[in-house]
Amino acid sequence: MTYNARTGERTAQNRSQRSTTTSDPNVRATATGTPAAIPREHLFQRVWPPMMIGVVFVLEVAWIVCLVYSSIALVRFLLNFF
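Residues numbered from 1 in each chain as written. Predicted model: local features only at pLDDT ≥ 70, side-chain atom pairs only at ≥ 80, totals over all residues. Heavy atoms only, no water.

## Quick notes on the overall build of the protein chain
Spelled out, the test is: What counts as a helix is a DSSP run of H or I of at least four residues, what counts as a strand is a run of E of at least two, and both are numbered from the N terminus. Summary of the burial criterion: residues with accessible area below 20% of their type's maximum are buried, those above 50% are exposed, and those between are partly exposed, where the area comes from a 1.4 Å probe applied to protein chains only.
Each helix and strand in the protein chain was counted, giving one helix and two strands. Reading the protein chain from its N terminus to its C terminus gives the helix and strand order β-β-α. Per-residue burial for the protein chain yields a buried fraction of 2% across its 82 residues.

Rendered as C-alpha cells:
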C-alpha cells in the first residue's frame, strides 16, 4: 500500500510499478536494492566550499598582517632617518 498525501488515496502497487525515491538521473532501477551500487557524492565535493572559504580567510588575514607590519616598519624607518 502506498499513500498519496496530496489526494489522500491509498493504492496497492507491486515492486515493478514503484518509482525510484531519488531524483538523481544516475540512479537507475537496477541500483535500488544494493546501496553499494548507488552513486554517492564524493567527500571532496562537500568539503570543497567551506575549505576554500577557510583558505581565503587565512590568506586575507596573512596579507593584512603583512601590510600592517610593512607599514609600521616603513614609518619607523622614516622617523629614524629624518
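This is not the end of the story, as more comes after the structure.
## As for helix α1 (residues 43-81)
Along an α-helix, a turn takes 3.6 residues, which lines up residues three or four apart on a common side. Going by this rule: Given the number of residues in a helix, its expected span is that number minus one, multiplied by 1.5 Å. To get the bend at any residue, fit one axis to the seven residues that end at it and another to the seven that begin at it, then take the angle between the two axes.
For α1, spanning 39 residues, the distance from its first C-alpha to its last is 56 Å, which sits close to the expected 57 Å at 1.5 Å a residue. Residue Pro49 marks the point of greatest curvature in α1, where the axis turns by about 35°.

## A closer look at the confidence of the model for the protein chain
This is how it is decided: Confidence of the predictor at the level of single residues is given by pLDDT, which spans 0 to 100.
Chain-level statistics for the protein chain give a pLDDT mean of 76 and a share of 55% at 70 or above. Per-residue pLDDT, averaged within each element of the protein chain, yields its smallest value for strand β1 (residues 2-3) (66) and its largest for α1 (92).

## Here's the deal with a nonpolar patch on the surface
Quick reminder of the rule: A patch is a set of surface residues, each over 30% in relative accessible area and not in a salt bridge, joined within 9 Å for like charges and within 5 Å for the nonpolar side chains Val, Leu, Ile, Met, Phe, Trp and Tyr. Accessible areas in this description were obtained via Shrake-Rupley with a 1.4 Å probe; residue shielding takes into account the shown protein chains only. We define a salt bridge as a side-chain nitrogen of Lys or Arg found within 4 Å of a carboxyl oxygen belonging to Asp or Glu.
There is a patch of nonpolar side chains on the surface, built from Leu43, Phe44, Val47, Trp48, Met51, Met52, Val55, Val56 and Leu59 and spanning about 810 Å² of accessible area. Residue placement: Val56 occurs in helix α1. Its relative accessible area of 45% is what places Val56 among the partly exposed residues.

## Quick notes on the packing of aromatic side chains
As a reminder of what qualifies: Only the six-membered ring of Trp is used, alongside the rings of Phe and Tyr, when aromatic pairs are assigned; centres must lie within 6.5 Å, and planes under 30 degrees apart are stacked while those over 60 apart are edge-to-face, with the rest tilted.
Applying the stated criterion across every chain, the model contains one aromatic pair. Between Phe77 and Phe81 the ring centres are 5.8 Å apart and the planes differ by 15°, which places this aromatic pair in the stacked class. One end of the pair is Phe77 and the other is Phe81, both in helix α1 and four residues apart, which spans about a single turn. Among the residues examined, Phe81 registers a relative accessible area of 57% and is labelled exposed.

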